[in-house]
Amino acid sequence: MINPLLSFADLPPFDQITPKHVAPAIEQLLADASAALEIVTAPDFPPRWSSISGVLEVATEKLGRA
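Residues numbered from 1 in each chain as written. Predicted model: local features only at pLDDT ≥ 70, side-chain atom pairs only at ≥ 80, totals over all residues. Heavy atoms only, no water.

## Looking at the overall build of the chain
In plain terms, the rule: Helix and strand definitions here come from DSSP, where helices need a minimum of 4 consecutive H or I residues and strands a minimum of 2 consecutive E residues; each element is numbered from the N-terminal end. Here the globule rule is a power law, 2.2 Å times the number of residues to the power 0.38, and the radius of gyration is based on C-alpha atoms. Type-normalised accessible area, obtained with a 1.4 Å probe on protein chains alone, sets the label of each residue: buried when under 20%, exposed when over 50%, and partly exposed for intermediate values. Two residues form a contact once any of their heavy atoms are found within 4.5 Å.
On a plain count of helices and strands, the chain comes out with two helices and zero strands. In terms of C-alpha radius of gyration, the chain reaches 14 Å, well past the compact-globule figure of 11 Å for 66 residues. Projected onto its principal axes, the C-alpha positions of the chain cover 40 × 20 × 15 Å. Buried residues in the chain amount to 21% of all 66 residues. By sequence separation, contacts in the chain at least 24 residues apart represent 32% of the contacts at least 6 residues apart.

## Considering the environment of proline 4
Within the element layout of this structure, proline 4 appears in the segment before helix H1 (19-40). Owing to a relative accessible area of 5%, proline 4 belongs among the buried residues under this scheme. As a C-alpha pair, proline 4 and leucine 37 span 33 residues in sequence and 25 Å in three-dimensional space.

## Let's talk about H1
Selection criterion: Multiplying one less than the number of residues by 1.5 Å gives the expected span of a helix. Here the arc refers to the directions that run from the helix axis out to each C-beta atom.
Spanning 22 residues, H1 covers 33 Å between terminal C-alpha atoms, matching the ideal 32 Å at 1.5 Å per step. Of all the residues in H1, the buried ones are His21, Ala25, Leu29, Ala33, Ala36 and Val40. Down the axis of H1, the buried side of the element spans an arc of 85°, and every buried residue falls inside it. Seen from the open side of H1, the exposed residues pointing more than 90 degrees away from its buried face are Lys20, Glu27 and Glu38.

See below:
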């Protein structure tokens, strides 16, 4: 099953979204955001805002959109 809340190619397919899609999508996107946080807090990750924000922005943008 493809979750329409995890489709980021264009505008969300609002006509396909049902309540059963919400929890799995949010759980997946929270896991992705958590993984991104692990990446930027790793000891070998470059301590520059541009590097940090580049990784975190992708994960949080998707979470915010869903």
